[in-house]
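Residue-level structural notes
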Amino acid sequence: MVDAISRTTVENECDVLVVGAGPAGIAAALTLVASGKDVLVIDKATFPRDKCCGDGLTTGALRMLEMLGFDPNTIDNYKICTDVVLRSPSGREIELQLPNSEKDAATTGQFAAIAPRIELDNALVRHARSRGVRVVENCAFVGVVRQNKSQITVNTESTSVFKEINAKYLVAADGMWSPVRKSLGASTASYLGEWHAFRQYVGNVTGPAAEKLFVWFDKDLLPGYAWSFPLPNSRANVGFGILRGANYSVQDMKSLWVELLARPHIVDALGKDASLEGRHTAWPIPARVTSAKLSAGRALFIGDAVCAADTMTGEGIGQALLTGVLAGEAIISSPNYDQTKISASYEKKIKHEFFADHRMSFTLGKILASSRSTRAALRLAGATDWTRRNFVRWMFEDEPRAAIFTPRRWHRKFLKRDGAFN
Ligand SMILES: Cc1cc2nc3c(=O)[nH]c(=O)nc-3n(C[C@H](O)[C@H](O)[C@H](O)COP(=O)(O)OP(=O)(O)OC[C@H]3O[C@@H](n4cnc5c(N)ncnc54)[C@H](O)[C@@H]3O)c2cc1C
């Protein structure tokens, strides 16, 4: 009884402290709170806060959100997407269709959706609070003060709340630059991420991009690409990503953006009256989970903080959610918070879920680096009804990308499952 009272009154004590309330941190918090842990999430931002992102949710990400009990109807500008157009470096366009329950009664559920991050992340924070997670905004992690066999203490900076927080375990979900990783000496000097991506919202979209998702594999961008992801009310999230060390430097991106938007196929897709909204933003994408440090002392790294984004496409929301769940499960697996057991369990889970797919994406990324092989791959994808139907499901992670090489993940309904939220 005394324990219960002191726990609820001493606010800077918790079982698990999660730094960062993005998708990774919220997934970890939801997983932990579901098993009765006292979880505190801190974020330096005040929500709703934007995050530079394409806002695209793959089938994998949607399945994770569903598993976490999230309701997409809590997002005003949520858009389910079924029509995909891929443009080959040769200029040929291939139209692909994700299963669409409105057109085909045999399928149900969602396979791809777009959710503006300013809304998605805010809705996730609200969802976590409704499940009993304490989320403290405007509270920045400053550094790890000390740790011993049973506790880790961190310093925070905040206008309203505690300075020092004691936790039995720490989960770092603090993004690409991860101040927690840095504070623990686990960062790689001068690491800038594998990808760098640039995005801006566009309004008054009157072309086909108002409804269809476009991916443009322009020759000069390879192995990068440009995209337009449709949003409600004739808007779209438009952007492009480049691989560091390829044709363009990060410094080239601003002028390239102006030139890209004037390319005839992009004007055709958006419509000639499309107008740029607000300001553009750019941010790195870390995608090297196989060589990243997964833990340090009593801390586990997740999401962008563990470089979990897909190395071929740069998508990282589904991966952030999954690493969050795995970290939560690893902590739950040791009731007395044994550091050796938790680190080992997390490492095993990350290897199991990510390594084969990372290697597969890396190999596919090499194929996309050449204009000739990208053309050949897209020609193959568009060859028959069967390839069109299944390529697009595989591309949107209906199944893990390397499932074909990992027989443990085979199942009878391969590429035939319903979508999420059915
Ligand atoms: C231009 C661009 C387009 C992208 N498009 C897509 C896409 O379409 N689909 C997709 O799946 N992925 C996409 N990604 C990748 C995706 O955005 C990231 O992989 C994903 O956001 C990672 O989530 P996270 O929770 O790990 O980190 P984040 O979402 O970055 O969250 C980190 C949180 O930590 C907080 N934080 C940081 N420092 C501190 C501190 N000191 N104290 C407290 N809190 C702190 C931040 O405020 C933030 O809320 C894109 C990335 C970019 C750059």
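Our structure's up above, just so we're on the same page.
To keep things clear, this report deals only with the structure shown in the data block. (Residues numbered from 1 in each chain as written. Predicted model: local features only at pLDDT ≥ 70, side-chain atom pairs only at ≥ 80, totals over all residues. Heavy atoms only, no water.)

1. Overview of helix α6 (residues 253–261)
Within α6, burial applies to Met253, Leu256, Trp257, Leu260 and Leu261. For α6, the arc enclosing every buried residue in end-on projection is 125 degrees, short of the 170-degree limit, so these residues lie on one face. Turned more than 90 degrees off the buried face of α6, the exposed positions are Lys254, Ser255 and Val258. Elements that come into contact with the buried residues of α6 comprise β12 (195–203), β14 (225–231), β15 (235–243), α7 (264–270) and β16 (275–285). (Buried < 20%, exposed > 50% of the residue type's maximum accessible area, 1.4 Å probe, protein only. Helix = DSSP H or I, 4+ residues; strand = E, 2+ residues; numbered from the N terminus. Arc of directions from axis to C-beta. Contact = heavy atoms within 4.5 Å.)

2. Some remarks on the sheet that holds strand β3 (residues 56–57)
A sheet is described by the order of its strands in space; here 3 strands give the open sequence β3-β7-β4, paired in antiparallel fashion. Edge strands, defined here as strands with exactly one partner in the open sheet, are β3 and β4 (79–80). In this sheet, strand β7 (residues 113–114) lies alongside β3 in antiparallel orientation, the contact comprising 2 bridges. Bridging from a neighbouring strand, Gly56 pairs with Ile114 of β7. (Pairing = 2+ DSSP bridges.)

3. Observations regarding the site of the ligand
Asp43, Gly54, Phe141, Asp304 and Gly316 are the nearest of the 36 residues found near the ligand. Note that an oxygen atom of the ligand is positioned 2.8 Å from one of the side-chain N or O atoms of Asp304. Protein contact buries 93% of the 1,000 Å² of open area that the ligand shows by itself. Among the elements that take part in the shell around the ligand, strand β9 (residues 139–147) stands out by supplying 3 residues, more than any other. Here the shell around the ligand is built from residues that sort into 19 nonpolar, 8 polar and 9 charged. (Near = heavy atom within 4 Å. Polar contact = N/O pair within 3.5 Å; in protein donor to acceptor, adjacent residues only side chain to side chain. Areas by Shrake-Rupley, 256 points an atom, 1.4 Å probe, with all protein chains shown as cover. Nonpolar A, V, L, I, M, F, W, Y, C, P; charged D, E, K, R; others polar.)

4. Quick word on the side chain of Arg199
Examined against the element boundaries, Arg199 turns out to sit in strand β12. Here Asp50 takes part through its side chain, which lies 2.7 Å from a polar atom of the side chain of Arg199. Those residues within four positions of Arg199 in sequence are excluded, and the remaining contacts are Asp50, Lys51, Cys52, Cys53, Trp227, Asn237, Val238, Gly239, His280 and Thr281.

5. Observations regarding the environment of Phe141
With respect to the helices, strands and loops of the structure, Phe141 is situated in strand β9. Between the alpha carbons of Phe141 and Asp174 there is a distance of 9.0 Å; along the sequence they are 33 residues apart. The residues touching Phe141, leaving out its near neighbours within four places in the chain, are Val19, Ile42, Val154, Asn155, Thr156, Pro179, Val180 and Ser183.

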